[in-house]
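One-letter residues, chain by chain:
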Amino acid sequence: MLIPAANTQHMPEAATQIAPAAQAEVDQAFTESSDDVRWKYVMGLPCRVSVEIPVPGFTPKELMKLGPKSIVLTRWATTTNPALKVNGELVAWCELEVLGNRLAIRLTELAI
């Protein structure tokens, strides 16, 4: 997991720039604790978030047939929490929920 240093002089220029619209939100979110200020430099960086659930025997042909309201059968137990990864690194475990017409995740445990 990336833990930014308080000193950013060694960071690439692109990594220290945050979109102006997001900058105001970041500044407001981190005014309470000086310890949290170190995070404001990475808040605008893109990251890849994934939750992987094994689906044995799933083929590309079946993938191409997926559409709205498709159901994919898996052997994943509903009581087992899948891993949440950020940029390929395990950061937490979660559970899947349906909110309206969207699939959402709820963090259940952080990976330390």
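These notes cover the structure that comes with them.

Definitions and limits used
Residues numbered from 1 in each chain as written. Predicted model: local features only at pLDDT ≥ 70, side-chain atom pairs only at ≥ 80, totals over all residues. Heavy atoms only, no water. Helix = DSSP H or I, 4+ residues; strand = E, 2+ residues; numbered from the N terminus. Buried < 20%, exposed > 50% of the residue type's maximum accessible area, 1.4 Å probe, protein only. Contact = heavy atoms within 4.5 Å. Polar contact = N/O pair within 3.5 Å; in protein donor to acceptor, adjacent residues only side chain to side chain. Salt bridge = Lys/Arg side-chain N within 4 Å of Asp/Glu carboxyl O. Pairing = 2+ DSSP bridges. Axes fitted to C-alpha atoms, helices over the stretch in contact; angles between N-to-C directions.

**Structural notes on the overall build of the protein chain**
What the protein chain contains, in helices and strands, is 3 helices and 4 strands. Reading the helices (α) and strands (β) of the protein chain from amino to carboxyl end gives α-α-β-α-β-β-β. Counting only residues that meet the buried cut, the protein chain has 13% of its 112 residues in that class. Of the contacts formed within the protein chain by residues at least 6 apart in sequence, a portion of 37% connects residues at least 24 apart.

**So, the environment of Asn81**
One can find Asn81 in the loop between helix H3 (60-64) and strand S2 (83-86). Expressed as a C-alpha distance, the spacing of Asn81 and Cys94, which sit 13 residues apart in the sequence, is 5.3 Å. Setting aside its immediate chain neighbours within four residues, Asn81 contacts Trp76, Trp93, Cys94, Glu95 and Thr108. Engagement of the side chain of Asn81 in a polar contact is seen with the side chain of Thr108, the distance being 3.1 Å.

**Regarding the pattern of salt bridges**
Oppositely charged side chains may form a pair once their charged atoms are brought near each other. Evaluated as defined, the whole model comprises 2 salt bridges. With a closest N to O distance of 3.6 Å, Glu95 and Arg106 form a salt bridge. Of this pair, Glu95 sits in strand S3 (residues 89-99) while Arg106 sits in strand S4 (residues 102-110), and the two are 11 residues apart along the sequence. Judged by its relative accessible area of 30%, Glu95 falls in the partly exposed class. Residue classification places Arg106 among the partly exposed positions, given a relative accessible area of 45%. In this structure, Glu97 engages Arg106 in a salt bridge whose closest nitrogen and oxygen atoms are separated by 2.4 Å. Ionic contacts of the salt-bridge type, sharing partners, join the residues Glu95, Glu97 and Arg106 into one network.

**A look at the sheet that holds S4**
Across the sheet, which stays open at both edges, the 4 strands sit in the order S1-S2-S3-S4 with antiparallel pairing between neighbours. Lying at the two open borders of the sheet, with one neighbouring strand each, are strand S1 (49-51) and S4. Neighbour-to-neighbour, the strand axes of the sheet open up by a mean angle of 40°, direction not taken into account. Bridge count between S2 and S3: 4 bridges; the pairing is antiparallel. Its bridge partner being in S3, Leu84 is matched across the sheet by Ala92.

**Quick look at unusual backbone geometry**
In this structure, Lys69 takes a positive phi of about 70° despite not being glycine. Along the polypeptide, Lys69 turns up in the loop between H3 and S2. Taking relative accessible area as the criterion, Lys69 reaches 83% and is therefore assigned exposed. A positive phi is found at Asn87, a non-glycine position, where the angle reads about 50°. As for its position among the elements, Asn87 is in the loop between S2 and S3.

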